[in-house]
Amino acid sequence: EPEPESASISQVLSRHSLRILLLNMAFLAFWGCCQDVILPLMLSTSVSLGGLGFEPRTIGSIMGAMGFGNGLFIAMFMGKTVERFGPRRVYVTAYKGMLAVFPAYIVTNALVVRSGGVADGWVWAVLTVQLICASAPYACYGDLSLFLWFFYKLRAG
């Protein structure tokens with residue numbers, strides 16, 4: 001049997017839904033790179049320059065806890081969450097959660113300045129909410145994979 005011809009890039013990108021999906025993936029990758037760079041910088045920068053002034057050990061603990069908690073949540077609950085609410089609703093909710101991340105940098109710095117350069121309970125509360133929201137792209141990546149699979153099934157079927 002002859003091997004079927006591969007589709008050209010223009011044929012693949014002619015589908016509007018696939019272009020939207022790829023644009024979402026590009027945005028998530030860009031957002032994730034920005035977040036991965038800005039978060040440690042914000043945590044380590046001095047309070048007078050707009051950061052939180054944490055020590056390296058504290059930053060490592062924060063980043064490690066965020067990674068561990070995110071992985072644990074995705075492994076234990078993400079499948080059930082997608083089954084219950086559907087990939088689109090989970091994706092949209094996770095996208096909305098990302099909107100709180102960048103304004104939280106301003107809020108946490110203002111709270112640290114207000115408390116005299118020390119991270120009090122309010123700073124840690126806002127930082128915790130920010131880190132939970134910053135984990136949203138990982139849920140989105142899984143949902144985008146499902147969308148791509150659905151797109152392939154619709155095209156094939």
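Placed above this text is the structure.
1. Comments concerning a nonpolar patch on the surface
Together, Phe68, Leu72, Phe73, Met76 and Phe77 make up an exposed nonpolar region whose accessible area comes to about 520 Å². Residue placement: Leu72 occurs in helix H3 (residues 56-85). A relative accessible area of 40% places Leu72 in the partly exposed class.

2. Some words on the environment of Thr58
Inspection of the secondary structure assignment puts Thr58 in helix H3. Given the relative accessible area of 27%, Thr58 is considered partly exposed. As for Thr58 and Asn70, which are separated by twelve residues in sequence, their C-alpha atoms are 18 Å apart.

3. Re the pattern of salt bridges
Scanning all chains against the criterion turns up one salt bridge. Note that Arg114 and Asp120 form a salt bridge whose closest N and O atoms lie 3.9 Å from each other.

Reading guide: rules and limits
Residues numbered from 1 in each chain as written. Predicted model: local features only at pLDDT ≥ 70, side-chain atom pairs only at ≥ 80, totals over all residues. Heavy atoms only, no water. Patch = residues over 30% accessible without salt bridge, like charges linked within 9 Å, V, L, I, M, F, W, Y side chains within 5 Å. Areas by Shrake-Rupley, 256 points an atom, 1.4 Å probe, with all protein chains shown as cover. Salt bridge = Lys/Arg side-chain N within 4 Å of Asp/Glu carboxyl O. Helix = DSSP H or I, 4+ residues; strand = E, 2+ residues; numbered from the N terminus. Buried < 20%, exposed > 50% of the residue type's maximum accessible area, 1.4 Å probe, protein only.

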